[in-house]
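Chain by chain, the residues run as shown.
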Amino acid sequence: MNPGTRWRRCSSEARRAGPPQASAPPLWGAARTRSAERGGRLTSDRLLSADPADWPVAPGWQALVDEFFASAAGRQLRDFLRERLDAGAVVFPPRPLRALELTPPDAVRVVILGQDPYHGRGQAEGLAFSVAPGVALPPSLRNIFKELSRDLGTPPPAFPRPGGSLVKWATQGVLLLNTCLTVEEGQPASHAGRGWEVLTDAVIRHVAQGPRPVVFMLWGAHAQSKRAFIDGSRHKLLMANHPSPLSALRPPVPFIGCGHFGQARAWRDAQKSG
């Protein structure tokens, strides 16, 4: 896929987000737990500080994050973010490392890779594909919920809360990781290539090299480019087109009908029984 096409698709996500849906399919059919509340409400809809010390992460990720921000790439990224904030840029999300805050490395059971955060005001909450409660569902997220319902037949969650927020998934072991973790308002891919990819590649490698086999859901060419970091003989690799309406029904592997949620559940159950 042409890179320009990917970025145009991301831009169209914000424009085509329809009115709030009356309901949305379930968050993987899992029982609700109090852990789903750990993410709490975000106090701002934008990034206020370029200091990584203000972005909490689970203790198991701290050494990896500290190592990155001590590196040349990490320092350059921090300086870039500070310059953009000082220039008055509106940057999303408010907590760039929220995926690492809500899903400790020893809790990861499934990895879903996204590209960069939604660039509309109030949308991004630091988790791939997720939007804040009550926000209109972007087209890709609507298709994710559509496939989840088709695959597992579970009832929809309430709208507006949780609506399109995937915080519950994150607190139950689904690492919802964008490969670029910040973006400027109305400018998709504006922070791509600024250093975030060095950190997120390290996160993917850390999970892939860990002791626990996990499911990697790689949707679209961008996510599938990370396949080289993952040992398919140890982990479950599930690949399909991106859930965007531009590709969700197209060959070679349409997202709608891929059955990834059921396959992930079956594989996890087999791992437990084995």
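Basis of the calculations
Residues numbered from 1 in each chain as written. Predicted model: local features only at pLDDT ≥ 70, side-chain atom pairs only at ≥ 80, totals over all residues. Heavy atoms only, no water. Helix = DSSP H or I, 4+ residues; strand = E, 2+ residues; numbered from the N terminus. Buried < 20%, exposed > 50% of the residue type's maximum accessible area, 1.4 Å probe, protein only. Contact = heavy atoms within 4.5 Å. Areas by Shrake-Rupley, 256 points an atom, 1.4 Å probe, with all protein chains shown as cover. Core = buried A, V, L, I, M, F, W, Y, C linked by side-chain atoms within 4.5 Å. Expected span 1.5 Å × (residues − 1). Arc of directions from axis to C-beta. Phe/Tyr/Trp six-rings, centres within 6.5 Å; stacked < 30°, edge-to-face > 60°. Lys NZ or Arg CZ within 6 Å of the ring centre and 35° of its normal. Pairing = 2+ DSSP bridges. Axes fitted to C-alpha atoms, helices over the stretch in contact; angles between N-to-C directions. Parallel < 35°, antiparallel > 145°, perpendicular 65-115°, else oblique. Nonpolar A, V, L, I, M, F, W, Y, C, P; charged D, E, K, R; others polar. Salt bridge = Lys/Arg side-chain N within 4 Å of Asp/Glu carboxyl O.

Some words on the overall build of the chain
Moving on, step 1. Secondary structure summary: the chain contains 9 helices and 6 strands in total.
Moving on, step 2. Counting over 274 residues, the chain shows a buried share of 54%.
Moving on, step 3. Nonlocal contacts in the chain, meaning residues at least 24 apart in sequence, comprise 75% of its contacts between residues at least 6 apart.
Moving on, step 4. With the model as given, the accessible surface of the chain reaches about 11800 Å², and the carbon-plus-sulfur share is 51%.

With respect to the nonpolar core
Moving on, step 1. Counting residues in each nonpolar core, the largest one holds 76 residues, and the members touching the most others are Trp61, Leu97, Trp169, Leu175, Trp196 and Phe216.
Moving on, step 2. Examining the composition of this core, we find that 6 residues originate from one element, helix α7 (residues 196-208), more than from any other.
Moving on, step 3. The contact partners of Leu97, leaving out residues within four places of it in the chain, are Trp55, Pro56, Val57, Val65, Phe69, Leu181, Trp196 and Leu199.

Regarding helix α2 (residues 59-70)
Moving on, step 1. End to end, α2 covers 17 Å across 12 residues, agreeing with the expected 16 Å (1.5 Å per residue, within 8%).
Moving on, step 2. For α2, the set of buried residues is Trp61, Leu64, Val65, Phe68 and Phe69. Down the axis of α2, the buried side of the element spans an arc of 130°, and every buried residue falls inside it. Turned more than 90 degrees from where α2 packs its buried face, Pro59, Ala63, Glu67 and Ala70 sit exposed.

Things to note about the packing of aromatic side chains
Moving on, step 1. This structure, assessed with the given rule, holds 8 aromatic pairs.
Moving on, step 2. Measuring from ring centre to ring centre gives 5.8 Å for Phe129 and Trp219, while their planes differ by 55°; the resulting arrangement is tilted. Here the residue Phe129 occupies a position in the loop between β2 (110-114) and α5 (139-152), and Trp219 occupies one in strand β5 (residues 215-219), the gap between them amounting to 90 residues. Pair check on accessibility: Phe129 and Trp219 agree, each one buried.
Moving on, step 3. Taken together, the ring pairs connect Phe129, Trp169, Trp219, Phe255 and Phe261 into an aromatic cluster.
Moving on, step 4. Between Arg205 and the ring centre of Phe229, over which it is positioned, the NZ or CZ distance is 4.2 Å.

Here's the deal with the pairing of strand β3 (residues 174-178)
Moving on, step 1. Counting buried positions along β3 gives 5 out of 5 residues, so the element sits mostly inside the fold.
Moving on, step 2. Judged by which residues are buried, β3 turns out to be covered on both faces: Val174, Leu176 and Asn178 on one side and Leu175 and Leu177 on the other are all buried.
Moving on, step 3. Pairing between β2 and β3: 5 bridges, direction parallel. When the sheet's bridge partners are listed, Ile112 is paired in β3 with Leu176.

Regarding the packing of α5 against helix α9 (residues 260-273)
Moving on, step 1. Put simply, α5 and α9 touch, their axes get as near as 7 Å, and they point 55° apart. When the axes of α5 and α9 are compared, the pair comes out oblique. Here α5 contributes Ile144, Glu147, Leu148, Asp151 and Leu152 to the contact with α9, which in turn contributes His260, Phe261, Gly262 and Arg265.
Moving on, step 2. Taken together, the residues of the contact of α5 with α9 break down into 4 nonpolar, 2 polar and 3 charged.

So, the pattern of salt bridges
Moving on, step 1. As enumerated under the stated definition, the model contains 8 salt bridges in all.
Moving on, step 2. A salt bridge links Asp45 to Arg46; the nearest nitrogen and oxygen atoms lie 3.4 Å apart.
Moving on, step 3. Residue classification places Arg46 among the partly exposed positions, given a relative accessible area of 28%.
Moving on, step 4. The residue Lys226 makes a salt bridge to Asp201 at a minimum N-O spacing of 2.9 Å. Here Asp201 lies in helix α7 and Lys226 lies in the loop between α8 (221-224) and β6 (236-240), a separation of 25 residues in the sequence.

Things to note about α9
Moving on, step 1. Compared with the 20 Å implied by 1.5 Å per residue over 14 residues, the 20 Å span of α9 between its first and last C-alpha is a close match.
Moving on, step 2. Along α9, the residues that are buried comprise His260, Phe261, Ala264, Trp267 and Arg268. Across the axial projection of α9, the buried residues extend over an arc of 130°, all falling on one side.
Moving on, step 3. At its buried positions, α9 is contacted by α5, α6 (167-171), β5 and β6.

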